[in-house]
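Chain by chain, the residues:
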Amino acid sequence: MEGRVKPLFWVGESKEALLEFPREVQRAMGRALTVAQRGGKDLHAKPLKGFGGAGVLEIVDDHEGDTYRAIYTVRLADVVYVLHAFQKKSKRGIATPKKEIDVIRRRLRAAEEHYAAYREAQHRSRP
């Protein structure tokens with residue numbers, strides 16, 4: 001996990017949502033995102049089902065009986081995008097609710113668009 005630290009971008013209101021989590025949850029998720037920025041995968045992170053492999057991951061943390069999740073992607077080379085952060089309210093099973101999956105899919109598309117512009121700007125700024 002040595003080497004360059006990847007930039008971290010927040011999509012939509014993911015940062016604001018994460019900042020409303022309990023402090024202990026924020027710290028755990030912050031550590032996991034730092035590991036991702038360094039090219040690793042934290043023990044709290046696992047692939048999110050329905051997104052074709054390990055390119056979209058979720059960090060799950062439980063605190064005082066509540067479950068919190070942050071979703072990020074490492075699909076786009078050299079960058080980490082935080083797509084969504086939310087408290088899981090449903091008590092039915094562990095599956096991610098459809099409305100949250102829809103938000104993640106929309107924000108993944110937004111991240112892909114941002115990444116294309118980001119790479120183009122980087123390319124133009126090189127001598």
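Residues numbered from 1 in each chain as written. Predicted model: local features only at pLDDT ≥ 70, side-chain atom pairs only at ≥ 80, totals over all residues. Heavy atoms only, no water.

**Q** Looking at this structure, I do not really get the pattern of salt bridges. What am I missing?
**A** Following the criterion strictly, the structure yields two salt bridges and no others. Where Arg-69 meets Glu-58, a salt bridge forms, and the shortest distance between an N and an O atom there is 3.5 Å. Taken together, the positions of Arg-69 in strand β4 (residues 66-73) and Glu-58 in strand β3 (residues 56-63) put the pair 11 residues apart, joining distant regions of the chain. Each member of the pair, Arg-69 as well as Glu-58, is classed as buried. The shortest N-O distance in the salt bridge between Lys-98 and Asp-102 comes to 2.8 Å. Of this pair, Lys-98 and Asp-102 both sit in helix α3 (residues 98-125), four residues apart, roughly one helical turn. On the basis of relative accessibility, which here comes to 60%, the residue Lys-98 falls in the exposed class. (Salt bridge = Lys/Arg side-chain N within 4 Å of Asp/Glu carboxyl O. Helix = DSSP H or I, 4+ residues; strand = E, 2+ residues; numbered from the N terminus. Buried < 20%, exposed > 50% of the residue type's maximum accessible area, 1.4 Å probe, protein only.)

**Q** What is the right way to read the pairing of strand β5 (residues 80-88) from this model?
**A** Remember that side chains alternate between the two faces of the sheet whenever the strand is regular. Counting buried positions over the nine residues of β5 gives eight, a clear majority of the element. Pairing analysis gives three bridges linking strand β1 (residues 8-10) to β5, with the strands arranged parallel. Across the sheet, Phe-9 pairs through a bridge with Tyr-81, a residue of β5. As paired elements, β4 and β5 share seven bridges and run antiparallel to each other. In the strand pairing of β5, Arg-69 is matched with Phe-86. Taken together, β4 and the strand that follows it, β5, pair antiparallel across an intervening segment of six residues, in which Asp-78 is found at a positive phi of about 65 degrees. (Pairing = 2+ DSSP bridges.)

**Q** In this structure, what is going on with the environment of Leu-57? I would like to understand it.
**A** Take Leu-57: it is sitting in strand β3. Taking the C-alpha atoms as reference points, Leu-57 and Val-82, separated by 25 residues in sequence, lie 9.6 Å from one another.

**Q** Got a minute to help me understand the nonpolar core in this structure?
**A** Burial of nonpolar side chains together is a common tendency in soluble globular proteins. In terms of nonpolar packing, the biggest core is built from 16 residues, with Leu-18, Phe-21, Met-29, Ile-59, Ala-70 and Tyr-72 touching the most fellow members. Mapped onto this core, the elements with two or more residues apiece are α2 (23-37), β3, β4 and β5. With five residues, α2 is the largest single contributor of residues to this core. Those residues within four positions of Met-29 in sequence are excluded, and the remaining contacts are Leu-18, Phe-21, Ile-59, Asp-61, Tyr-68, Arg-69 and Ala-70. Judged by nonpolar contacts, the second largest core, of 15 residues, contains Ile-71, Val-79, Tyr-81 and Ala-111. (Core = buried A, V, L, I, M, F, W, Y, C linked by side-chain atoms within 4.5 Å. Contact = heavy atoms within 4.5 Å.)

Everything listed here is a matter of coordinates, which is why it stays silent on function.
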